[in-house]
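# Structural characterization, general
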Amino acid sequence: MVEKTIEKRSVKTTTKNTPKFIWRRKHLLGLQDLSREELIHILDTAKGFKGISKRSVKKAPTLRGKVVVNLFFEDSTRTRNSFTLAASRLSADVLEFTAKTSSVSKGETLRDTARNLEAMGIDIVVIRHSAGGAPHLLTRCIDACIINAGDGYHEHPTQGLLDIFSIRELRPDLSGLKVAIVGDIAHSRVARSNIWGLHKLGAEVYLVAPPTLMPSGIEKMPVTPCYNFDEIIGQMDVLNMLRVQFERIGSSVFPSVLEYSRLFGLTVERMKRAKKDVIVMHPGPLNRGLEIESEVADGPNSTILQQVSNGVAVRMAVLFLVNQAVVLEKKK
Ligand code: CP
């Protein structure tokens, strides 16, 4: 029953008064290319799927007979496991591919890897890769649906979607909402997906970082840059704290971790300057004591674990929609 409702809502209009919307994309590569309507459609579809996660039998037959491959060339806890769970809840078979234990270590290329997996009969590829554009390349190599689970510094669309979904649960209208994305923005695909998604839904996005961690090309983004966290913290409705990505930072970009934490960390002391009901977010994994103090990460304003829970519903929605696009294409 839930599934039927979702299918109806996702594929076409449910009432006479709302405009007809049909999802047509068989790949999800980023949020920059999506329209406001497409974003809202994914988020509304995810809302329906959240209900399944609360049932005692957390299964729907939506992707029965389909094969989803998790093609991960970088480590992951949240994204990988929630895609696995999302695909299983939709009754798909899931192949877990890890570059470190595959023939990639013998020199096999991404294209050959994907084509060999395709030869086994796969329908959807979820790819994480250190190279920006790797998911886009796959769309030209194989016929399966491609979902970007994080490519280099480029985008991490399902993280952006689950962040926005989590904000909307607490503040349904994003227009005029002030969201600060704080920290290592230069190396963050999460930041880029959030920027585009939030902007399209009407939020005002502030980027807060030391100059060495601001991205190049910031002037082309719909954001307000800020180099002093304390100047703006009191006006913000949402604080999305980013992990300092030490594995991607070649040379030192700030004098010491102590100084970084003092100027840009979300400490208990700094929280006193924030709005009482400010939403605290972090995509994970956390550097506790660096970008966020444990008392704040585990405190009453934190939505960090809700973000993780919502990730499963958002990924169910994305898997469902890309497959639906293929079904509709075949019916043409
Ligand atoms: N937020 C996120 O992408 O976490 P993982 O690296 O654990 O998937």
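Please refer to the structure placed before this passage.
Residues numbered from 1 in each chain as written. Predicted model: local features only at pLDDT ≥ 70, side-chain atom pairs only at ≥ 80, totals over all residues. Heavy atoms only, no water.

## Considerations on empty space enclosed by the protein
Applying the stated rule across the entire model yields one cavity of 30 Å³ or more. Empty space within the largest cavity amounts to approximately 60 Å³. Forming the boundary of the largest cavity are Arg 78, Ser 82, Gln 159, Leu 162, His 282, Pro 283, Gln 307, Val 308, Gly 311 and Arg 315. At the level of secondary structure, the elements contributing two or more residues to the lining of the largest cavity comprise helix H3 (78-89), helix H6 (157-170) and helix H12 (304-331). Broken down by element, the residue count for the lining of the largest cavity peaks at four residues, all from H12. Considering only residue class, the lining of the largest cavity consists of three nonpolar, five polar and two charged. When we break the lining of the largest cavity down by domain, the ones giving at least three residues each are domain 1 (2-152 + 309-331) and domain 2 (158-301). (1 Å grid on protein atoms, 1.4 Å probe; cavity = no way out; pocket = protein on both sides within 12 Å on 5 of 7 lines; lining within 4 Å. Points joined across faces, edges and corners; volume = space filled by probe spheres on them. Helix = DSSP H or I, 4+ residues; strand = E, 2+ residues; numbered from the N terminus. Nonpolar A, V, L, I, M, F, W, Y, C, P; charged D, E, K, R; others polar. Domains from an automatic or database assignment.)

## Regarding the packing of aromatic side chains
Counted under the stated rule, the structure contains five aromatic pairs. Relative to Phe 97, the ring of Phe 73 lies with its centre 5.5 Å away and its plane at 45°, an arrangement referred to as tilted. Placement of Phe 73 in the loop between strand E1 (67-72) and H3 and of Phe 97 in strand E2 (residues 93-98) is noted, with a sequence separation of 24 residues between them. Across the pair, Phe 97 and Phe 73 agree in class, each one buried. (Phe/Tyr/Trp six-rings, centres within 6.5 Å; stacked < 30°, edge-to-face > 60°. Buried < 20%, exposed > 50% of the residue type's maximum accessible area, 1.4 Å probe, protein only.)

## Describing the pairing of E2
As defined by bridge partners, E1 adjoins E2 across six bridges and the pair is classed as parallel. Its bridge partner lying in E2, Leu 71 is registered against Phe 97. For the handedness criterion, the β-α-β arrangement of E1, H3 and E2 is classed as right-handed. (Pairing = 2+ DSSP bridges. Right-handed = clockwise from strand over helix to strand, strands pointing away.)

## Focus on the sheet that holds strand E3 (residues 124-129)
Read from one edge of the open sheet, four strands run E2-E1-E3-E4, paired in parallel fashion. The sheet is open, and its two edges are formed by E2 and strand E4 (145-151), each paired on a single side. On average, each strand axis in the sheet is tilted by 15° relative to the strand beside it, whichever way the strands run. Two strands pair when backbone bridges link them, and E1 and E3 are joined in this way by five bridges, in the parallel orientation. Across the sheet, the residue bridging to Phe 72 is Arg 128, located in E3. The sheet strands contacting H12 are E1, E3 and E4, and the helix crosses E4 at an angle near 145°. (Axes fitted to C-alpha atoms, helices over the stretch in contact; angles between N-to-C directions. Contact = heavy atoms within 4.5 Å.)

## Overview of the pattern of salt bridges
Scanning the model with the defined rule gives 17 salt bridges in all. Here Glu 204 and Lys 178 are joined by a salt bridge, their closest N and O atoms 3.2 Å apart. With Glu 204 in strand E6 (residues 204-208) and Lys 178 in strand E5 (residues 178-182), this pair connects stretches of sequence that are 26 residues apart. A residue is classified by how much of its surface remains accessible, and Glu 204, at 31% relative accessible area, is partly exposed. (Salt bridge = Lys/Arg side-chain N within 4 Å of Asp/Glu carboxyl O.)

## Observations concerning the environment of Ala 297
Mapped onto the fold, Ala 297 is located in helix H11 (residues 294-297). Ala 297 sits 214 residues away from Phe 83 along the chain, and the two C-alpha atoms are 24 Å apart. Apart from residues lying up to four places away in sequence, Ala 297 is in contact with Leu 286, Arg 288, Ile 292, Ser 302 and Ile 304.

## Concerning the environment of Arg 273
Residue position: Arg 273 is located in the loop between helix H10 (268-271) and strand E9 (279-281). With a relative accessible area of 41%, Arg 273 lands in the partly exposed category. Sequence separation between Arg 273 and Gly 234 is 39 residues, and the spatial gap between their C-alpha atoms is 5.5 Å. Sequence-distant contacts of Arg 273, that is, excluding residues within four places in its chain, are made with Asp 230, Ile 233 and Gly 234. There is a polar contact of 2.4 Å between the side chain of Arg 273 and the side chain of Asp 230. (Polar contact = N/O pair within 3.5 Å; in protein donor to acceptor, adjacent residues only side chain to side chain.)

Any functional reading would require information that these geometric values do not contain.
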